[in-house]
Amino acid sequence: MFLATRELKHSKWRFAMIGMILVLISWLVFILAGLGNGLSTLSAATFKNMDAEYVAYEEGSRHSMSRSVISENLVEDLKASGDVNDAAAMGSHVAVVLKEGVEDDSEKIDVSILGVEPGSFLEPAVVAGKPLTQGDNYQVTVNSSLKDKGIEIGDTLEIEGFNETLEIIGFVEGETFNHLPSIFIDLEHWRAIHFAAPGSDMGVEAPVNAIMLQGDGIEQDKLANALDGIEVATKKEAINGIPGYKEENGTIMMMLGFLLVISAFVIGVFFYVLTLQKANQFGVMKAIGASNGFLAKAIISQITLLAIISIGIGIILTYGTAAILPAGMPFALDSTLVFSYAIILLVVSVLSSLVSVRRITKIDPLQAIGRVE
Amino acid sequence: MSGIQFKNVTKYYQDGAGTKLTVLDNVSLTVQPGELVAVIGPSGSGKSTFLSIAGALLQASSGEVIINNTNLTQLSSKQVSKLRLDEIGFIVQTSNLVPYLNVLDQLLVVKKMKGKITAADKAFAKDLLKGVGLEGKLKKYPEHLSGGERQRTAIARAFMNNPDIILADEPTASLDSKRAFEVVELIADFVKTRNKAAIMVTHDERMFSYCDRVYHINDGKLKLVEK
């Protein structure tokens, strides 16, 4: 630290410049991470939130809700098989709704209507209002983000291309699916909406899109073979099967990966060049008795200090950015995410310094003797 | 015995064709504590090699170098680095100060290499700097010092660990003669009062009056010069 802090202070501008690069990179890393997190939440929150480990789809649907139609009767069969503790059916339907009484078409809202069995483990707890019941009415609980569109409990929603209206009886929180806010309804009424066109149920009795399974260590193949016409995916596979999820996530992860590699190289090269430049100086210090460890510590603590300060500024800037981003933006920062990327950036920076450390160990103290500059 | 001893030290390099290039040829020399010895020679005569071997920066090909009763040939590189820190004070050339350390820190960094800096170390460093007349420039950086002041800082640094051996590499290079005299006088004075064994490599014949003995080195052979 002795050398590290003094050199940082003495060559402020030199280090401020490299620090600035690190600030910008970390800022971008945090924003991308927040964006990735926000997007994946938007895309799959309802799947992520559900308390299930496996999902049964129609055979050949390749883990996609929209491609899969199976019978709800399978729930009983699945429950009966050994490893499954509980099972519940789910259906999804993308729709456009409009608050009843509003004439302006620009107020239309895209939503995911999700059919669940009231009282099953798939029904999310309401934060306001009442949970779903089995009944004759089209009663729904909706994601609280619809409040921003001026929707309240007791309101009714018209569904485009469907005669019945939905009555809002409760709000749930953090539930989105397919990038759209989720609306939960009991399965029977979901079926009426989703299979409104005659024959669209393809003759399946009590059709649903998928059945979520609770139970640890279910043998997927065995279960799929035991019952006709289904395939079984893990929750993770199911999330990856949501249209666009893998692609979005993959793109952002690739950018993050590149950024980390770039930051490693930028910092590594900067300090390596600096080390080359200071080779004579290090030689002199070795001649007067400095060990490799002493010099290595100086450079590692220098990078660590610089990285901590820069990443810290990056975090502050990120939260500043988050504060001014529009509310509708799929941007979700959580502190664990920020913290883990901060640690990754720090580790990458410190690792990149090892090139310089290696160089230092090779500097010969002989350089100090017999030369005039 | 303390001090520095060379016993039949030879250093040679082998080039690609297998020809031996002898840089130091059977050099023997003893410097006692309290003695300042000058080694002069034209460039390429082997005086830098001589100083590097004395300073444990380079291994002799044959013969023995004994510093304070420690035979250098038997030490590992880690031990050698420790010995340099503890026993040897290097006075390097003017430009070889650490550019981002102020005058006081130039000295304290030597202590830092060993571990913690104590208040006593600070006092000792200030005392040394007072001895070289830099008490008013403790917070100055090398870029703000004159050549003479830089060299005096280097001298003070060499004494910081209270080593028994002082090695000076062209301490008067790039100084005008007035400053050069001051600097060598200072080295001689420190060596006498603190009882160190000192070797100074120089090409500056004006400085010989300060030295106890002067050796001439040519083609790797060391010869005593009659004053």
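Residues numbered from 1 in each chain as written. Chains lettered and ligands numbered in written order. Predicted model: local features only at pLDDT ≥ 70, side-chain atom pairs only at ≥ 80, totals over all residues. Heavy atoms only, no water.

Caption draft 1: Inspection of the environment of A:Thr5 at higher detail. Residues and elements named next belong to chain A. Within the element layout of this structure, Thr-5 appears in helix H1 (residues 2-10). Residue Thr-5 is classed as partly exposed on the basis of its relative accessible area, which comes to 27%. With 297 residues separating them in the primary sequence, Thr-5 and Gln-302 have C-alpha atoms 6.9 Å apart. (Helix = DSSP H or I, 4+ residues; strand = E, 2+ residues; numbered from the N terminus. Buried < 20%, exposed > 50% of the residue type's maximum accessible area, 1.4 Å probe, protein only.)

Caption draft 2: Spotlight on the pairing of strand S6 (residues 139-143) of chain A. Residue and element names in this part refer to chain A. Summarising burial for S6: five of the five residues are buried, a large majority. With five bridges connecting them, S6 and strand S8 (residues 165-172) associate as parallel partners. The partner of Val-140 across the bridge, within S8, is Ile-168. (Pairing = 2+ DSSP bridges.)

Caption draft 3: Structural context of the sheet that holds strand S6 (residues 88-91) of chain B. All names here are of chain B. The strand order across the open sheet formed by six strands is S6-S7-S8-S3-S9-S10, and the pairing between neighbours is mixed. Edge positions in the open sheet fall to S6 and strand S10 (221-225), since each of these has one partner strand only. Within the sheet, the average angular offset between the axes of one strand and its neighbour, ignoring direction, is 20°. Pairing of strand S3 (residues 36-40) with strand S8 (residues 197-201), which is carried by four bridges, proceeds in the parallel orientation. Note that in S8 the partner of Leu-36 across the bridge is Ala-198. Against the sheet, helix H2 (residues 77-87) makes contact with S6 and strand S7 (165-169), and its axis sits at roughly 75° relative to S6, the strand it touches most. Contacts from helix H5 (residues 147-159) reach S6 and S7, with the element oriented near 175° to S6. (Axes fitted to C-alpha atoms, helices over the stretch in contact; angles between N-to-C directions. Contact = heavy atoms within 4.5 Å.)

Caption draft 4: Focus on the domain arrangement of chain A. Residues and elements named next belong to chain A. The assigned domain composition of chain A is domain 1 (2-43 + 246-368) and domain 2 (54-217). On the side of domain 2, five residues touch domain 1, which itself brings five residues to the contact. Put simply, domain 1 and domain 2 have zero salt bridges between them. At the junction of domain 1 and domain 2, the tally comes to five residue pairs in polar contact (both at pLDDT 80 or more). Ranked by the residues each element gives to the side of domain 1 that touches domain 2, the list is headed by helix H2 (residues 12-49), at four residues. (Domains from an automatic or database assignment. Salt bridge = Lys/Arg side-chain N within 4 Å of Asp/Glu carboxyl O. Polar contact = N/O pair within 3.5 Å; in protein donor to acceptor, adjacent residues only side chain to side chain.)

Caption draft 5: Just helix H10 (residues 335-352) of chain A, in detail. All names here are of chain A. Across its 18 residues, H10 extends 25 Å between first and last C-alpha, which sits within 8% of the 26 Å expected from 1.5 Å per residue. Among all positions in H10, only Leu-337, Val-338, Tyr-341, Ala-342, Leu-345, Leu-346, Val-348, Ser-349 and Ser-352 are buried. Looking straight down H10, one finds its buried side chains confined to an arc of 165°; they lie on one side. Exposed residues pointing more than 90 degrees away from the buried face of H10 are listed as Ser-335, Thr-336, Phe-339 and Leu-351. Buried residues in H10 make contact with H2, helix H7 (245-277), helix H9 (292-324) and helix H11 (354-362). (Expected span 1.5 Å × (residues − 1). Arc of directions from axis to C-beta.)

Caption draft 6: Here's a closer look at the interface of chain A and chain B. Residue-level contacts link 24 residues of chain A with 28 residues of chain B. Connecting chain A to chain B are one salt bridge. The partner of B:Asp105 in a salt bridge is A:Arg6, with the nearest N and O atoms 2.6 Å apart. The tally of links from chain A across to chain B stands at three residue pairs in polar contact (both at pLDDT 80 or more). Listed by contribution, the elements that provide at least two residues to the side of chain A that touches chain B are H1 and helix H8 (279-287) of chain A. Considering every element that reaches the side of chain A that touches chain B, the biggest residue donor is H8(A), with six residues.

Caption draft 7: Summary view of the sheet that holds strand S5 (residues 70-71) of chain B. Residue and element names in this part refer to chain B. Spatial strand order, S2-S1-S4-S5: four strands in an open sheet with antiparallel pairing. Where the open sheet ends on each side, the last strands, each with one partner, are strand S2 (20-31) and S5. Direction of pairing for strand S4 (residues 62-67) relative to S5: antiparallel, over a ladder of two bridges. Bridge pairing links Ile-67 to Thr-70 in S5. Along the sheet, helix H1 (residues 47-54) contacts strand S1 (4-14), S2 and S4; its crossing angle with S1, the most-contacted strand, is approximately 125°.

Caption draft 8: How the structure looks around the packing of H9(A) against H10(A). Residue and element names in this part refer to chain A. At their nearest, the axes of H9 and H10 sit 9 Å apart, and the two run at 150° to each other. With respect to their mutual orientation, H9 and H10 come out roughly antiparallel. Note on packing geometry: the crossing formed by H9 with H10 is right-handed. For the pair H9 and H10, contact is made by Ile-300, Ile-303, Thr-304, Ala-307, Ile-308, Ile-311, Ile-315 and Tyr-319 and by Ser-335, Val-338, Ala-342, Leu-345, Leu-346, Ser-349 and Val-350, respectively. Split by residue class, the contact of H9 with H10 holds twelve nonpolar, three polar and no charged. (Parallel < 35°, antiparallel > 145°, perpendicular 65-115°, else oblique. Left-handed = near helix turned anticlockwise from the far one by under 90°. Nonpolar A, V, L, I, M, F, W, Y, C, P; charged D, E, K, R; others polar.)

Caption draft 9: Highlighting the UniProt feature "domain: ABC3 transporter permease C-terminal" (unreviewed entry) in chain A. As recorded in UniProt, the sites labelled "domain: ABC3 transporter permease C-terminal" (unreviewed entry) are residues 254-365 of chain A. Overall, residues 254-365 of chain A shows 83% helix and 0% strand. The separation of its end C-alpha atoms is 44 Å. (UniProt positions renumbered as here; feature names shortened; annotations may be inferred.)

Caption draft 10: Inspection of the UniProt feature "transmembrane region" (unreviewed entry) in chain A at higher detail. All names here are of chain A. Residues annotated in UniProt with the feature "transmembrane region" (unreviewed entry) correspond here to residues 252-274, 294-317 and 337-357. A distance of 35 Å separates the end C-alpha atoms of residues 294-317, which is 100% helix and 0% strand. Annotated as 95% helix and 0% strand, the span residues 337-357 places its first and last C-alpha atoms 30 Å apart.

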